[in-house]
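# A look at the structure
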Amino acid sequence: DYMDRYFDAISLPPKLQRVEVFGEDRSDCLALLHPATYDSDNDYARFGFMCGFMESLPIVGWVLFPVTNAVAAALFACDIEKSGGPAALEILKSHPSQSAGISPA
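Given the structure is predicted, the values throughout are model-derived calculations rather than measurements. (Residues numbered from 1 in each chain as written. Predicted model: local features only at pLDDT ≥ 70, side-chain atom pairs only at ≥ 80, totals over all residues. Heavy atoms only, no water.)

### Considering the packing of aromatic side chains
Cut-off, in case you're wondering: Pairs were defined over the aromatic rings of Phe, Tyr and Trp, the Trp ring being its six-membered one, requiring ring centres within 6.5 Å. Orientation was assigned from the angle between planes: stacked under 30 degrees, edge-to-face over 60, tilted for the rest. Secondary structure follows DSSP: runs of H or I at least 4 residues long count as helices, runs of E at least 2 residues long count as strands, and numbering of each begins at the N terminus. For every residue, the accessible area (1.4 Å probe, protein chains only) is compared with the maximum for its type, and the residue is labelled buried under 20%, exposed over 50%, or partly exposed between those bounds.
The tally for this structure, following the rule as stated, stands at five aromatic pairs. For the pair Phe7 and Tyr44, a centre-to-centre distance of 5.9 Å together with 45° between the ring planes defines the contact as tilted. Residue Phe7 is located in helix α1 (residues 2-9), and its partner Tyr44 is located in helix α4 (residues 43-55); the two are separated by 37 residues in the primary sequence. Taken individually, Phe7 and Tyr44 each receive the classification buried, so the pair is uniform in this respect. Geometrically, the ring pair formed by Phe49 and Phe53 is stacked, given 6.3 Å between the ring centres and 10° between the ring planes. Remark: Phe53 and Phe49 occur in helix α4; sequence separation between them is four residues, near one turn of the helix. Of the residues examined, Phe49 reaches a relative accessible area of 56% and is grouped as exposed.

### Some thoughts on the packing of α4 against helix α5 (residues 65-82)
Where we set the bar: Only the stretch in contact is used when fitting a helix axis, every axis being a line fitted to C-alpha atoms; angles between N-to-C directions are given from 0 to 180 degrees. An angle below 35 degrees is treated as roughly parallel, one above 145 as roughly antiparallel, one from 65 to 115 as roughly perpendicular, and anything else as oblique. Two helices that cross are described as forming a left-handed crossing if the nearer one is turned anticlockwise from the farther one by less than a right angle, and a right-handed crossing if clockwise. Throughout, a contact is declared for two residues whenever any of their heavy atoms are within 4.5 Å. Amino acid classes used here: Ala, Val, Leu, Ile, Met, Phe, Trp, Tyr, Cys and Pro are nonpolar; Asp, Glu, Lys and Arg are charged; the rest, including Gly, are polar.
Between α4 and α5, the least distance of the axes is 10 Å, while the angle of their chain directions is 170°. The angle between α4 and α5 falls in the class roughly antiparallel. The crossing of α4 and α5 is right-handed. Listed contacts from α5 to Asp43, Tyr44, Phe47, Cys51, Met54 and Glu55 of α4 are Phe65, Pro66, Asn69, Ala72, Ala73, Phe76 and Ile80. Here the residues of the contact of α4 with α5 are counted per class, giving 10 nonpolar, one polar and two charged.

These figures come from the coordinates and say nothing about function on their own.
Following this line, the structure appears as structure tokens:
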């Protein structure tokens, strides 16, 4: 949910969001079962795991961590932008004709 706000802000279509997060266009259900989703170099998976873990802690998890996770997502988005933006955005720029059938989120 946190990174969805970033992807919506930069108008990245849902298909390219999946390419950015999973490395290829996989449905959410298939991605849960695919081992590449849990690679140690998948920053999105690590970020999502930590957000989910912290929000599941008793008492403070549902009070404090949604706010800190939103701030962490904003800082993560800043890091992505500083490094040149999402890699999937390059696909959109280099093949605009292929993305014509993709509707923005």
